[in-house]
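Coordinate inspection notes
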Amino acid sequence: MMLLDVKSLAISYGSHRTVHDVDLALDRGEILAIVGESGSGKTTVIRAIMGCLPGTGRVSGGDILFEGKSLLQNAREDWRKLCGQEMSMIFQDSGNMINPIRSIGSQFVDYIVTHEPGTGKGEAWRMAADMLKAMQLPNPERIMEEYPFELSGGQRQRVGIAMAMIFSPKLLLADEPTSALDVTTQAQIIRQIVDVRNDYNAAVIIVTHNLGVASYIANKIMVMQDGHVVEAGPREQVIGHPRHEYTKLLLDSVPVIGGTCYYE
Amino acid sequence: MNEMAQESFAGKAPVVMQIRNLTKKFELDNGKELTACDHVTLNVYQGQTLGVIGESGCGKSTLVRTILQIHPATEGQVLFDGKDILQCRGEEERQVRRKIQMVFQDPTAAFNPKMRVKDIVTEPLRNFGLLKKEDVDAKAAELLEMVELPAEFKDRYPHSMSGGQRQRLGIARALSLEPDIIVCDEATSALDVSVQKNICELLVKLQKEKQVSYLFIAHDLGLVDLMCHQVAIMYLGNVMEWLEAGRIAFHCRHPYSQALMDAVFKVDYHKGEKIKALAGDVPSPVDLPQGCPFQGRCPLCQEICHQEKPKLKKVEPGHWVACHMVK
């Protein structure tokens, strides 16, 4: 049994169907990259898996099975148990996810205590600091005392990953986790996500528009266009032998260092 | 530095703008100083593209803002059209701006949402009194055609256009005054890759037709490598490497440039190939330590790098590197 099994998923906003017929299956330790242009529905798919479609968004067809159990039947309480502990999410800028007027430590402790009500505050603090350290943040005790604006983009993203991984979830969803970062920081964060996959044997779905990142990190790649999956398969196949015209167009559009200059 | 001013490595292309020792310091509330640009010297050649690349906070946007006189320079000169444009004031300054136009990063925020496309593209011409009201429609159609947009778009509003179309509109507006230089500050980084490619091809085509020069600011190494004739790599306000000839892909030698290259994810990467990530973050540009700005993250750092700030020195014709370790 696969950890995650999405079967002919369709998603609608109001009466307008935006995502059609998505199939995907993922096991622990695997990384799936969803690539495509803005508006292609990549983020909508992972939001549906997490049960957090915004506004009038709803799953209008198909099914999402997590460990063999349909998530669509979940009541509010079931989602609360699942999110954060069994699956969690990293956002494009974790700085927007955390409260700007509270220190990192105080919200991290809140987060832990909310999800595991038995935990004492002191213990939660220690867990949080250990996790920040595991994410290679220098001087975790100081970062716990700091406010989000005092951290760099890369540091905030590491805090986001630390919060997402604190309960060792089986599934990690990452929505453009490096798009707001510089190339050197992007490389650090992508390596961190690979380490997290190795250490926790988690399944990862990463949404990105950077085909280089997808090619580096993923076992499987899914290409979306206008709400449809146009091509999906193992990384080697999609990158090495793309079959759909759109995949070829995307691959062809990436500026390659050392390639033919545009002005030639 | 004088040597740099004299030599030209862009074939026969004449220099249109010389940036000389341009420095911009900001005073902070606590009395400290932030050096955003430190003695930057660069040339822009006619009909060619100068790329400026670096991580966020490296001073690339401050550089163009200083050139465009959005804020005053602390020191240095920008020679254009036979004069130091940083000294121009009033009407003279306005006339200089006519020759240097800008394409912005966010094509949504760059336009007044309540103006029609035809008014947007012809506004610069109307401002300079170069276009009569009755000619607006014809001129707008002509400008839109130049950037490969349908002429019918002239009666639309920007919100009914896609990001790529809006960026074309931004280019049409910048070109309306027939400037010598267009500054593109991350002009394609908000766009999807396939759209980005189309916009770049359009920029190159227009450059060939009109012999306009671009000052192309970006953080995508691959893009700068393919777009630009000359490249400057900046770190904490300093030009670390300046390639007037040759390409970053094949010729860059500064350890920072190498680190940037190593951090790029290639689509055709081979299995097992590891990406090398530079450790740590860019340090704060306030109260920089003496010596090389890159000392804290450099794999080659030696004692001398803590003591003395390396100057740009010529390593081969048309190639300058600021590093003690590069001979």
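Residues numbered from 1 in each chain as written. Chains lettered and ligands numbered in written order. Predicted model: local features only at pLDDT ≥ 70, side-chain atom pairs only at ≥ 80, totals over all residues.

**So, the interface of chain B and chain A**
Counting from both sides, the interface comprises 33 residues of chain B and, opposite them, 31 residues of chain A. Only α7 (193-210), α8 (221-227), α9 (248-251) and α10 (255-262) of chain B provide two or more residues apiece to the side of chain B that touches chain A. Here the side of chain B that touches chain A takes seven residues from α7 of chain B, the largest share from any one element. When grouped by side-chain class, the residues that make up the side of chain B that touches chain A number 20 nonpolar, five polar and eight charged. (Contact = placed C-beta atoms within 7 Å. Helix = DSSP H or I, 4+ residues; strand = E, 2+ residues; numbered from the N terminus. Nonpolar A, V, L, I, M, F, W, Y, C, P; charged D, E, K, R; others polar.)

**What about the sheet that holds strand β7 (residues 171-175) of chain A?**
Residue and element names in this part refer to chain A. The strand order across the open sheet formed by six strands is β6-β7-β8-β3-β9-β10, and the pairing between neighbours is mixed. Of all strands in the sheet, those bounded by a partner on one side alone are β6 (87-90) and β10 (228-234). Neighbour to neighbour, the strand axes of the sheet diverge by 15° on average, direction disregarded. Its contacts with the sheet put helix α11 (residues 245-253) on β9 (220-225) and β10, and the angle it makes with β9 is roughly 100°. (Pairing = 2+ DSSP bridges. Axes fitted to C-alpha atoms, helices over the stretch in contact; angles between N-to-C directions.)

**Examining the pairing of β6 of chain A**
All names here are of chain A. The alternating pattern of β6 places Met87 and Met89 on one face and Ser88 and Ile90 on the opposite face, and all of these are buried. Both β6 and β7 contribute to a ladder of four bridges, which runs parallel. Bridge pairing links serine 88 to leucine 172 in β7. (Buried ≥ 20, exposed ≤ 12 C-beta atoms within 10 Å, placed from the backbone.)

**As for the environment of glutamine 207 of chain B**
You can see glutamine 207 of chain B is positioned in helix α7. Judged by local crowding, glutamine 207 of chain B falls into the buried class, with 20 C-beta atoms found within 10 Å.

**Side note on the pairing of strand β4 (residues 57-66) of chain A**
Residue and element names in this part refer to chain A. The pairing of strand β1 (residues 4-13) with β4 spans eight bridges and is classified as antiparallel. Bridging from a neighbouring strand, isoleucine 11 pairs with valine 59 of β4. Hairpin geometry of β4 and strand β5 (residues 69-70) is characterised by an intervening segment of two residues between the two adjacent antiparallel strands and by a positive phi of about 50° at glutamate 67.

**Some points on unusual backbone geometry**
All names here are of chain A. In this model, asparagine 139 sits at a positive phi of 55°, which is unusual for a non-glycine residue. Residue position: asparagine 139 is located in the loop between α5 (121-134) and α6 (140-145). Residue asparagine 139 is classed as exposed on the basis of its C-beta count, with 11 C-beta atoms lying within 10 Å. The phi angle at asparagine 201 is positive, at roughly 50°, despite the residue not being glycine. Tracing the sequence through the fold places asparagine 201 in the loop between α8 (183-200) and β8 (203-208).

**Remarks on helix α5 (residues 136-146) of chain B**
Residue and element names in this part refer to chain B. Buried within α5 are the following residues: Ala140, Leu143 and Leu144. Looking down the long axis of α5, one finds its buried residues gathered within 100° of arc, a one-sided arrangement. Where the residues of α5 are buried, they touch α4 (117-127) and α6 (163-175). Glutamate 148 lies just past α5 and shows a positive phi near 60°. (Arc of directions from axis to C-beta.)

**Regarding the nonpolar core**
Counting 167 residues, the largest nonpolar core has Ala33, Leu173 and Ile217 of chain A together with Phe216 of chain B as the members making the most contacts within it. Residues contacting leucine 173 of chain A, with those up to four places away along its chain left out, are Ile46, Ile49, Met50, Met87, Met89 and Ile205 of chain A. (Core = buried A, V, L, I, M, F, W, Y, C linked by C-beta atoms within 7 Å.)

**A look at the environment of glutamate 27 of chain B**
Residues and elements named next belong to chain B. Relative to the helices and strands, glutamate 27 is located in strand β1 (residues 15-27). For glutamate 27, a count of 10 C-beta atoms within 10 Å corresponds to the exposed category. Spatially, the C-alpha atoms of glutamate 27 and valine 286 are 9.8 Å apart, while their sequence positions differ by 259 residues.

**What to know about the packing of α6 of chain B against α7 of chain B**
All names here are of chain B. Packing of α6 against α7 brings their axes to within 10 Å, and their N-to-C directions diverge by 20°. Relative to α7, the element α6 is oriented roughly parallel. The chirality of how α6 crosses α7 is right-handed. In contact with Gly163, Gly164, Gln167, Arg168, Ile171 and Leu175 of α6, α7 contributes Val195, Asn198, Ile199, Leu202, Leu203 and Leu206. (Parallel < 35°, antiparallel > 145°, perpendicular 65-115°, else oblique. Left-handed = near helix turned anticlockwise from the far one by under 90°.)

**As for the environment of isoleucine 46 of chain A**
Residues and elements named next belong to chain A. The residue isoleucine 46 is located in helix α1 (residues 42-50) in this model. Taking the C-alpha atoms as reference, isoleucine 46 lies 20 Å from valine 238; in sequence the two are 192 residues apart. Those residues in contact with isoleucine 46, other than ones at most four positions away along the chain, are Leu173, Asp175, Ile205 and Val207.

Read these as layout, nothing more, since geometry by itself doesn't imply function.
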